[in-house]
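The residues making up each chain are set out below.
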Amino acid sequence: METLLQQIINGLVQGSVYALVALGYTMVYGILGLINFAHGEVVMVGAMVALSAIMLLINSGLPPLLVLLAGMIVAATACMALGYAIERVAYRPLRNAPRLAPLITAIGVSIVLQNLAMIIWGREYHAFPQLLPNSPHMLAGAVINEVQIIIVLAALAVMAGLLVLVHRTRLGRAMRAVAENPAAAALMGVDINAVISVTFMTGSALAALAGIMVSANYGIVHYYMGAILGLKAFTAAVLGGIGNLRGAMLGGVLLGLIESLGAGYIGDLSGGFFGSHYQDVFAFFVLIAVLIFRPSGLLGERVAERA
Amino acid sequence: MTPQSDALLELSGIGKRFGGLAALSDVSLHIRRGEIYGLIGPNGAGKTTLFNIITGLYQPDEGGFTFGGAAYAHCKPHLLAHAGIARTFQNIRLFANMTALENVMVGRHVRTRTGIWGALTRNAAARAEERAIVQRARELLRQAGIDRPHQTLAKHLSYGEQRRLEIARALATEPKLLALDEPAAGMNATETESLKALLQTIRASGITVLLIEHDVKLILGLCDRVAVLDYGKKIAEGLPDDVRRNPAVIAAYLGGEAA
Amino acid sequence: MMNKKQKPMIQEMIFGNPSSRKAWFVFAALAVALLLLPFATEALLGRGWVRIVDFALLYIMLALGLNIVVGYAGLLDLGYIAFFAVGAYCYALLGSPQFGLHLPFWVVLPLGALLACAFGVLLGAPTLRLRGDYLAIVTLGFGEIIRIFLNNLNAPVNITNGPQGINMIDPIRIGGFSLSGTHELFGITFSPVHLYYYLFLCVTLLVIFVSLRLEDSRIGRAWMAIREDEVAASAMGINTRDIKLLAFAMGATFGGAAGGLFAGFQGFISPESFGLTESVMVVCMVVLGGMGNIGGVVLGGALLVLLPEALRNGAGPAQQALFGKTLIDPESLRMLMFGLALVLVMLWRPAGLWPSTQRRRELSPDAEVAHQEQESVYDAAK
Ligand SMILES: Nc1ncnc2c1ncn2[C@@H]1O[C@H](COP(=O)(O)OP(=O)(O)O)[C@@H](O)[C@H]1O
Ligand SMILES: [Mg+2]
């Protein structure tokens, strides 16, 4: 039986990853009102590309940290290109189409990406090389790895950076303007298409980072990893209030904690009837319950429909 | 036509805030059966918000209202429609991908009752009701002056037709009170004239009309009484001619339109 | 008289309009084609394809059920397959050695549909006031919850038999006539896939009939009004919560019924058949075919079942022929092409292959003329 502290640590680590991915969903949703269903696959592509780059460099004699950094840069660049392409090909032509049309192209894109990845990288699980120091530390009876500490810290740093980008820079102001009212933003001289492209690219870079984080944490990569992660992250974004950056962060961390605590204690709570298999059920129940009481998520604004 | 003295709609002390903005504060109105009552005021004065409150789309923060003697604040929109309040929207809200006829037929929903069973079996009662719905809808379309084929999708109608279609749809609910939010906006002079005639027919059929409008000529020529909102407060109320000369009103409009 | 003009033509095409000889002819040709389809398929493509056609009919039923929710009422349901699962498991648990119960098909099937309906109401009642995409994620979560329960309710008490699923489910038996046997009728040999084909065809036609009747009714109009503008619909006196719940319940009922048929047909079910992918697939059928239009939905359902199968049978051999060996895993290749097809079709026809608004225009050519006139007026004004 793991301790409460251990569950919290595991939850925080997983939650940081969810939060990074959730940010990608929420940014796109905030600006286009669209569920970017292919986002989970971008995470997977990030992990896969990073793996390939790292495997290429790993025997080159470069220090491991540099190899990891190179892998990260290659993956982030690839994902940004991918995010840009997805938006251009699958979403932009449908901006004035019926609401569900882009949902179907998004599903199409994720099927394509998943199978393309399977063709390129195969069906098997790949081991993700251990490049970071990974010695466990004992903390009041719980174990925390250095990798895990790095994941949480990196996620925090990136999220802080994103908040600065969105709230303190010209680009961020343009993003918020487009999210608020695209027509007005265009009149004010904002290049809407450029802003949307940048939004997709930013979200995709975060996805690449998240992909590397999960891979480093679990040590494996798989062509199917994006689907479930994406689903969880989207749930997290909705939990926090979709369209809201801080909501995505809160939702991600909360979902990680709920899952990990739920998995740990659901057995005790149900007198052994429900095992840890029900961890996902727990997460979705919490989601449904939150939405029933707060229909716009935890931090989402309560939009009174303008009549 | 002399307005009867009993009130159909009575608002008392309505207040509504959006964040820090007081969209309405302490608004009381008293609308009598059979009259055409005008509601005017500059943009952002809170007129549409008032409509949203009396049709149940917004809940007032303060105050309440009675309709036909019964208290209705904090009521669901469909119950207010059932009670007899129908409306149009400032920014037209038709069912865009339904035909003109279907739009009006939807208005009959609240006064008809065919359910799943009737729809599936098409029994005598269901057929008779459906026939009556179609017939009434066609009458209303004709009355509203929509000469276009009734199978035209609402989104393919001209702007003026869309405004009149909204009125026809509202009338289909058999309202006691018809609330119109800037029905003449964007209409040319001839269209406005035919709208005026339509409103007079509606009033003649016994329906009370509550009218938000910027077209002063329309207000003066049509309304029995007028109230003026400014920054969410009622600043004047009375006969159109009196209100027009009211200094506070002139100030609110900066001596513009209302002068 | 006036009323007759009102009826949609598609209905006349399917059920025949006594006043029109051409419609009768189309109707008769369609009926003969549908009756001969399984035998023609078997002769041309082999028996395996008859089975695929049966699956296509099942998915068409599902798509028609979801069309009520998504197409008519405009509610995005990403967990629709859960209702299919409820119907299937209800049938399987009450008609298999799992509990040793072997209730007759005409009891279990309606029971499954009813149970699915109850689940629909249970889920819908608290959540239907959520705005579009929030509802989507809630339904998605619900679908996953059902699947996870099915996967894990084998311990501590074995109810669903977990991931192994339930085997040896009773075939559908009408009277003493089992659809899973081979029968000789009128000198023709009918194998199970043929018999199930005719059963599924009948049910599909029934679902189409129900959909058409609902579409052109007070309730159907209320659904569409909500889809078009919920605020305006409520201001016109529609009790949006109840009417949405009705759509949800109807859709769930159809899903449950299809699930029962599925269980009886396959004789085996496991949670694998009820995942998110399947839910998403049904949504794709509805949207790609043309939301809200029966013809489009049927087309979408047929296409999305048949296309991947055709690609499956094509991807391997085509590579063999081209390169002399299999370069790429045919399974991935076929899904890759399928995904591409989804994207391309949506880009090409954003409102679906056969959208309802277009059908409306087809129904009333005068409206089309009016529309063109209007556009030319705009052109003149420029
Ligand atoms: N849903 C809402 N959320 C926030 N502010 C609102 C909302 N609806 C109206 N307002 C604000 O309330 C004020 C009154 O608006 P409105 O009633 O539309 O004015 P009018 O119809 O007289 O032009 C405006 O400042 C408007 O911005
Ligand atoms: Mg207004």
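These numbers come from a predicted model, not from an experiment. (Residues numbered from 1 in each chain as written. Chains lettered and ligands numbered in written order. Predicted model: local features only at pLDDT ≥ 70, side-chain atom pairs only at ≥ 80, totals over all residues. Heavy atoms only, no water.)

The helix and strand tally for chain A stands at eleven helices and four strands. Here the C-alpha radius of gyration of chain A, 20 Å, is about what a compact globule of 307 residues would show, namely 19 Å. With the C-alpha coordinates of chain A rotated into their principal frame, the extents come out at 60 × 55 × 35 Å. Counting only residues that meet the buried cut, chain A has 54% of its 307 residues in that class. Put simply, 74% of the contacts in chain A that link residues at least 6 apart link residues at least 24 apart. Surface accessibility of chain A: about 13,000 Å² in total, with carbon and sulfur atoms responsible for 67%. Within chain A, the 12 negative side-chain charges are centred at a point lying 14 Å from the centre of the 14 positive side-chain charges. (Helix = DSSP H or I, 4+ residues; strand = E, 2+ residues; numbered from the N terminus. Rg over C-alpha atoms; globule rule 2.2 N^0.38 Å. Buried < 20%, exposed > 50% of the residue type's maximum accessible area, 1.4 Å probe, protein only. Contact = heavy atoms within 4.5 Å. Areas by Shrake-Rupley, 256 points an atom, 1.4 Å probe, with all protein chains shown as cover. Lys, Arg positive; Asp, Glu negative; His and termini not counted. Charge placed at Lys NZ, Arg CZ, Asp CG, Glu CD.)

For chain A, the mean per-residue pLDDT works out to 89, and 96% of the residues sit at or above 70. Confidence scores differ between elements of chain A, with strand 2 (residues 136-139) of chain A showing the lowest mean pLDDT of 83 and helix 2 (residues 39-57) of chain A the highest of 96. (pLDDT = per-residue confidence, 0-100.)

The next subject is the coordination of the magnesium ion (ligand 2). All names here are of chain B. Looking at the metal site, the magnesium ion (ligand 2) is ligated by Thr48 (OG1) and Gln90 (OE1), spaced 2.0 Å from it. Of this pair, Thr48 sits in helix 1 (residues 47-54) while Gln90 is found in the loop between strand 6 (85-87) and helix 3 (100-107), placing the two residues 42 residues apart along the sequence. Among the residues examined, Gln90 registers a relative accessible area of 30% and is labelled partly exposed. (Donors = N, O, S within 2.8 Å, 3.2 Å for Na, K, Ca; no water.)

The next subject is the environment of Leu93 of chain C. Residues and elements named next belong to chain C. The topology assignment puts Leu93 in helix 5 (residues 81-94). Separated by 15 residues in the primary sequence, Leu93 and Val108 have C-alpha atoms spaced 9.3 Å apart. With sequence-adjacent residues up to four places away left out, Leu93 is seen in contact with Gln98, Phe99, Leu101, Ile159 and Ile166.

Counting residues at the interface gives 48 residues for chain C, matched by 50 residues for chain A. Note on chain C versus chain A: buried area summed over both sides is about 4,200 Å², and carbon and sulfur give 80% of it. Summed over the three residues of chain C that lose the most area to chain A, namely Asp133, Tyr134 and Ile137 of chain C, the buried surface amounts to 15% of that side. Put simply, chain C and chain A have four residue pairs in polar contact (both at pLDDT 80 or more) between them. Looking at the side of chain C that touches chain A, the elements with two or more residues in it are helix 6 (105-127), helix 7 (132-152), helix 12 (276-289) and helix 14 (330-348) of chain C. Residue composition of the side of chain C that touches chain A, by class: 36 nonpolar, six polar and six charged. (Buried area = accessible area lost by both parts, 1.4 Å probe. Polar contact = N/O pair within 3.5 Å; in protein donor to acceptor, adjacent residues only side chain to side chain. Nonpolar A, V, L, I, M, F, W, Y, C, P; charged D, E, K, R; others polar.)

Ligand 1 sits among 15 residues. The nearest are Gly44, Gly46, Lys47, Thr48 and Thr49 of chain B. Per-site note: the chains with residues close to ligand 1 are chains A and B. Gly44 of chain B is positioned with one of its backbone polar atoms (N or O) 2.7 Å from an oxygen atom of ligand 1. Between Gly46 of chain B and ligand 1, the recorded distance is 3.0 Å, taken from a backbone N or O atom to an oxygen atom. The fraction of the free accessible surface of ligand 1 (560 Å²) that becomes covered by protein chains is 76%. Counting residues per element, the ones that place at least two in the shell around ligand 1 are strand 2 (21-32) and helix 1 of chain B. Partitioning the shell around ligand 1 into residue classes produces seven nonpolar, six polar and two charged. (Near = heavy atom within 4 Å.)

For the rest of this paragraph, the subject is a positive patch on the surface. All names here are of chain A. On the surface, Arg168, Arg170, Arg173 and Arg176 cluster together into a patch of positive charge. Take the positive patch: its biggest share by element is three residues, from helix 6 (residues 170-180). Looking at the secondary structure, you find Arg176 in helix 6. (Patch = residues over 30% accessible without salt bridge, like charges linked within 9 Å, V, L, I, M, F, W, Y side chains within 5 Å. Salt bridge = Lys/Arg side-chain N within 4 Å of Asp/Glu carboxyl O.)

As a further point, take the confidence of the model for chain B. All names here are of chain B. Confidence in the prediction for chain B averages 91 pLDDT; 96% of positions are at 70 or higher. Contacts of residues 1-5 to residues separated by more than four positions or lying in other chains number seven contacts, the stretch itself having pLDDT below 50. This prediction of the complex comes with two scores: 0.90 for pTM and 0.93 for ipTM.

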